[in-house]
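Descriptive structure summary
Residue-level listing of the chains:
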Amino acid sequence: MNKKKLGLVILFVTLLVLFIFIIPIKLAFTFTEHRVENPEVYYVPLKEDNKFQIRYVHSIHLTDVIESYEVTVDEEISLLSMQYENLAIGLPGYAEEGETFTVQDGVYTLTYDDNVIDSFVMLIGDVDAELAFGYLGTELNLKKELVRGKSYTFRVMKLSLYQMLKGVNMNEKGNKAE
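This text gives an overview of the structure that appears in the document. Keep in mind it's a predicted model, so treat the numbers as computed, not measured.

What follows concerns the layout of surface pockets. If a probe as big as a water molecule is rolled over the atoms, it shows which places are left empty. Computed from the structure, the largest pocket encloses a volume of approximately 420 Å³. In this structure, the largest pocket is lined by 18 residues; those nearest its centre are Tyr56, Val57, Met122, Leu123 and Leu131. Residues belonging to the lining of the largest pocket are distributed by class as follows: 12 nonpolar, three polar and three charged. Approximately 200 Å³ is the volume attributed to the second largest pocket. Thr32, Asn38, Pro39, Glu40, Val41, Met157, Leu159, Tyr162, Gln163, Lys166 and Gly167 are the residues that line the second largest pocket. Taken together, the elements giving at least two residues each to the lining of the second largest pocket come down to strand 12 (151-159) and helix 3 (161-166). Sort the elements by how many residues they give to the lining of the second largest pocket and helix 3 lands first, with three residues. Residues of the lining of the second largest pocket, tallied by class, amount to five nonpolar, four polar and two charged.

Rendered as structure tokens:
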């Protein structure tokens with residue numbers, strides 16, 4: 001093979017590897033530092049189930065609030081329901097249009113008909129109240145996985161191999177968060 005053909009083969013292979021490295025390929029739940037110059041991205045790979053929950057302790061009643069979500073076919077976030085034991089600020093006691101409100105065995109459930117968003121911002125407060133991300137039967141303690149006092153944009157997105165290598169896989173031990 002002459003030098004020109006070898007050079008073209010090397011260029012082709014280099015471009016192919018680069019292309020594979022930067023093309024988004026893996027769908028994941030992402031927590032991206034909000035309002036910082038070089039944001040760190042923490043992620044949980046999305047597997048076979050498209051439903052997840054966020055559980056937190058309400059700051060006034062100190063009881064659990066469970067928000068249930070589903071990833072749509074368009075990779076957006078559909079809020080399915082909120083469950084809580086006490087009515088308080090931020091926890092409605094009635095349904096608005098497109099919602100259903102029920103009470104059963106002391107648990108209030110607000111169900112949404114069609115509440116789809118592309119992302120939301122989450123503050124990881126520097127208080128000792130639980131905040132967990134539930135997926136596939138396990139919970140990640142967001143107060144331990146992410147940095148307290150920082151805000152994160154939560155969204156579902158495809159990550160490239162480069163983004164996965166640069167980011168922090170929250171399913172693996174030894175991540176960078178303190």
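Moving on: the environment of Tyr43. Looking at the element boundaries, Tyr43 is found in strand 2 (residues 41-45). Counting along the chain gives 113 residues from Tyr43 to Val156, while the straight-line C-alpha distance between them is 9.3 Å. If we skip the residues at most four places from it in the chain, Tyr43 touches Ala28, Phe29, Thr30, Leu159, Met164, Gly167, Val168, Asn169, Met170 and Asn171.

The next point concerns the packing of aromatic side chains. Under the defined criterion, the tally for this structure stands at 17 aromatic pairs. Ring plane angle 20 degrees and centroid distance 5.7 Å describe the contact between Tyr69 and Phe120, whose orientation is recorded as stacked. Linking Tyr69 in strand 4 (residues 64-71) with Phe120 in strand 9 (residues 119-123), this pair joins segments that are 51 residues apart in sequence. Taken as a pair, Tyr69 and Phe120 share a single burial class, namely buried. Aromatic side chains Phe101 and Tyr108 sit 5.8 Å apart centroid to centroid with 25 degrees between the ring planes, which places their arrangement in the stacked category. Clustering of aromatic rings is evident, with ring pairs tying together Phe29, Phe31, Phe52, Tyr69, Phe120, Phe133, Tyr135 and Phe154.

What follows covers the sheet that holds strand 1 (residues 26-33). Taking strand neighbours across the sheet as the criterion, the five strands line up as 9-12-1-2-13 in an open arrangement whose pairing is mixed. With one partner strand each, in any of the chains shown, strand 9 and strand 13 (168-169) form the two edges of the open sheet. Here strand 1 pairs with strand 2 via five bridges, running antiparallel. By the bridge assignment, Thr32 is partnered in strand 2 with Val41.

About the thresholds
- Counting restarts for each chain: residues are numbered from 1 in the order of the written sequence.
- Reporting in this predicted model follows two pLDDT cut-offs: at least 70 for local features of residues, and 80 or more for side-chain atom pairs to be given and counted; totals over whole chains, interfaces and linings ignore these cut-offs and use all residues.
- Side-chain metrics rest on all non-hydrogen atoms present in the structure, leaving aside hydrogens and water.
- With a 1 Å grid spanning the protein atoms alone, the term cavity applies to any set of points in which a 1.4 Å probe fits but cannot get out, the term pocket to an open set with protein on both sides within 12 Å along at least five of seven lines, and the term lining residue to any residue with an atom within 4 Å of a point.
- Grid points are joined across faces, edges and corners, and a volume is the space filled by probe spheres set on the points.
- Just so you know the grouping, Ala, Val, Leu, Ile, Met, Phe, Trp, Tyr, Cys and Pro go in nonpolar, Asp, Glu, Lys and Arg go in charged, and all remaining residues, Gly too, go in polar.
- Runs of H or I in DSSP of at least four residues are treated as helices and runs of E of at least two as strands, each being numbered from the N terminus.
- Contact between two residues is taken to exist if any of their heavy atoms lie within 4.5 Å; hydrogens are not considered.
- Each pair of aromatic rings taken from Phe, Tyr and Trp, with Trp reduced to its six-membered ring, is defined by centres within 6.5 Å and is described as stacked if the planes are under 30 degrees apart, edge-to-face if over 60, and tilted in the remaining cases.
- Each residue's exposure class comes from its accessible area (1.4 Å probe, protein chains only) as a fraction of the maximum for that residue type: buried when under 20%, exposed when over 50%, partly exposed otherwise.
- Pairing between two strands is assigned when DSSP locates at least 2 bridges connecting them.

No statement about biological role is implied by the geometric values presented.
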